[in-house]
Amino acid sequence: MTEHHIDIAIIGAGLGGAAAMALLHKAGFKAHTFEQAPVFDRLGAGIHIGPNVMKIFRELGLEDTLCNIGAHPDYWFSRDGNTGDYRSKIELGDFAKSEYGAAYVTIHRGDMHATQISALPQDYLHYDHCLTQLEERENDVKLTFANGNIVYAKLVVGADGINSKIREELLGVEKPRFSGWVGHRCLVDMNKLAASGLDFETCTKWWWDRSKHIMAYATKNDESEYYYVTGVPDEPWEHDTTWVESSRDEMNATFGGSHPVVNALIDATTSVTKWPFWNRDPLSLWSQGRLCLLGDACHPMRPHMAQGAGMAIEDAAVLARCLSATGIEDYTSAFGIYENTRRERATTVQTVSNKNTWLKNPEDPAWVYGYNPLTVPLAG
Ligand SMILES: Cc1cc2nc3c(=O)[nH]c(=O)nc-3n(C[C@H](O)[C@H](O)[C@H](O)COP(=O)(O)OP(=O)(O)OC[C@H]3O[C@@H](n4cnc5c(N)ncnc54)[C@H](O)[C@@H]3O)c2cc1C
């Protein structure tokens, strides 16, 4: 067993925790991050990086790498799943760069996360550290990990996802609520799709009744890898795993007999998994004492705006700015300003994302993509 005294502990090195660590170090804070996983897998899934988030990656020097790895959709199309009629065409590509200040990229989330992780100061990143207990004391917080290590931190950032231990400490034990929806995730080999002779747009959301949908997009710069994620109303989730295997047959039963492009996606499906979408209502507090929350620990949402990680990374940027402004001794002010600056935006995105209406019909996405967490006024 080892014991350490540190200034800032981040719990969780997911997309939000990794961003928080990088931004805090850039701001001069030697934050340590404790991650329960012994190693990260390249989970088979894609993710969108909106211009609002790419501005943060620019600040961290990761923009070029991510732009070189990921795909660059010229549009986010919304189409009717049966007829293929266009419901909306949201311009991205060069328009996103000039209008919103950065590129819009779709990418494999493992590649995005690996890019974030590799840029971190590795001596401060501690794998195989599952937080099991915390105790707030007069001058610090005592953190106990499953491996027996103990750390005393002046501040603790809970970036530990929807089942956050830090949220539990602040607000009590409460399981997240099943939203009634699941998503299937599938990586598809573009060569298989190309054999169909059809045109696969770089980023399209296909819609059916009740807003059931398939979001399909490229995850590599050369568009050699294609990915789809669905949203489907489903029975209560009764598995005790975070996901289960699905199948081409299940996809056919749910979406088969639709537009030829959709049918080709299903035909090319080899391995597909099914994930429940969990949810919580907006939390009554984001911080207390020496503890604060960010990302899914704080405002989980159904993923239909492709902005859940975006909000986690925006949180990280604003939190780092607040701590820079006040210094860590005045963490009460920093956490207050952080919540005042972030709550309204994160809650609005959470609400719209849960409604699953985003870009279904023509609308101006500037309020999401044009936001700059590095310059937004801090609401002190
Ligand atoms: C199907 C689907 C598609 C999505 N698509 C998009 C998209 O396109 N764009 C987008 O922006 N978002 C998307 N999201 C949402 C996004 O994945 C989440 O919002 C995001 O991962 C949240 O990041 P986080 O860092 O807050 O939490 P997480 O990514 O969940 O990370 C939490 C980390 O904490 C660690 N941890 C947990 N408990 C402990 C503990 N006790 N001790 C130590 N470590 C711990 C975990 O191992 C994990 O590494 C999608 C989500 C889903 C389900």
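Right, let's walk through the structure included here. (Residues numbered from 1 in each chain as written. Predicted model: local features only at pLDDT ≥ 70, side-chain atom pairs only at ≥ 80, totals over all residues. Heavy atoms only, no water.)

## Overview of the side chain of Ser246
With respect to the secondary-structure elements, Ser246 resides in the loop between strand 15 (244-245) and helix 8 (248-255). On the basis of relative accessible area, Ser246 is assigned to the buried category, the value being 13%. In this structure the side chain of Ser246 is engaged in a polar contact, spanning 2.8 Å, whose partner is the side chain of Glu250. With residues up to four places along the chain from it excluded, the contact list for Ser246 reads His184, Val272, Thr273 and Lys274. (Helix = DSSP H or I, 4+ residues; strand = E, 2+ residues; numbered from the N terminus. Buried < 20%, exposed > 50% of the residue type's maximum accessible area, 1.4 Å probe, protein only. Polar contact = N/O pair within 3.5 Å; in protein donor to acceptor, adjacent residues only side chain to side chain. Contact = heavy atoms within 4.5 Å.)

## What to know about the sheet that holds strand 14 (residues 225-233)
Within the open sheet, the eight strands sit side by side as 5-4-12-13-14-11-16-15. Their pairing is mixed. At either margin of the open sheet sits one strand with a lone partner, and together these are strand 5 (86-91) and strand 15. Pairing of strand 4 (residues 75-80) with strand 5 involves five bridges; the strand directions are antiparallel. Considered in strand 5, the bridge of Arg79 is made with Tyr86. Taken strand by strand, helix 9 (residues 260-267) contacts strand 12 (203-207), strand 13 (213-218) and strand 14, and its axis lies near 75 degrees from that of strand 13. (Pairing = 2+ DSSP bridges. Axes fitted to C-alpha atoms, helices over the stretch in contact; angles between N-to-C directions.)

## Considering the nonpolar core
Membership of the largest hydrophobic core comes to 74 residues, with the highest contact counts inside it found for Ile8, Ile10, Ile49, Phe57, Met112, Leu143 and Leu323. Beyond its immediate stretch of four places on either side in the chain, Ile49 contacts Met54, Phe57, Leu66, Ala103, Tyr104, Val105, Ile107 and Met112. Formed by 27 residues, the second largest nonpolar core is a distinct cluster that contains Met190, Phe200, Tyr226 and Met251. (Core = buried A, V, L, I, M, F, W, Y, C linked by side-chain atoms within 4.5 Å.)

## Some points on unusual backbone geometry
Excluding glycine, most residues fall at negative phi; most peptide bonds, likewise, are trans. The phi torsion at Asp128 lies on the positive side, around 60 degrees, for a residue other than glycine. Within the element layout of this structure, Asp128 appears in the loop between strand 7 (125-126) and strand 8 (131-136).

## Quick notes on the packing of aromatic side chains
In this structure the tally under the stated criterion is 16 aromatic pairs. Plain terms: the ring middles of Trp243 and Trp275 are 5.9 Å apart, the flat faces sit at 25 degrees to each other, and that makes the pair stacked. Here the residue Trp243 occupies a position in the loop between strand 14 and strand 15, and Trp275 occupies one in strand 16 (residues 273-279), the gap between them amounting to 32 residues. Joined through ring pairs, the aromatic side chains of Phe95, Tyr100, Tyr104, Trp358, Trp367 and Tyr369 make up one cluster. Stacked on the ring of Trp275, the Lys or Arg Arg185 has its end atom at 4.4 Å from the ring centre. Directly above the ring of Tyr371 sits Arg345, whose terminal nitrogen or CZ lies 3.6 Å from the centroid. (Phe/Tyr/Trp six-rings, centres within 6.5 Å; stacked < 30°, edge-to-face > 60°. Lys NZ or Arg CZ within 6 Å of the ring centre and 35° of its normal.)

## Topic: the environment of Glu63
Relative to the helices and strands, Glu63 is located in helix 3 (residues 63-69). Counting along the chain gives 39 residues from Glu63 to Ala102, while the straight-line C-alpha distance between them is 9.1 Å. Residues contacting Glu63, with those up to four places away along its chain left out, are Met54, Phe57, Arg58 and Ala102. Reaching out from Glu63, the side chain makes a polar contact with the side chain of Arg58 at a distance of 3.0 Å.

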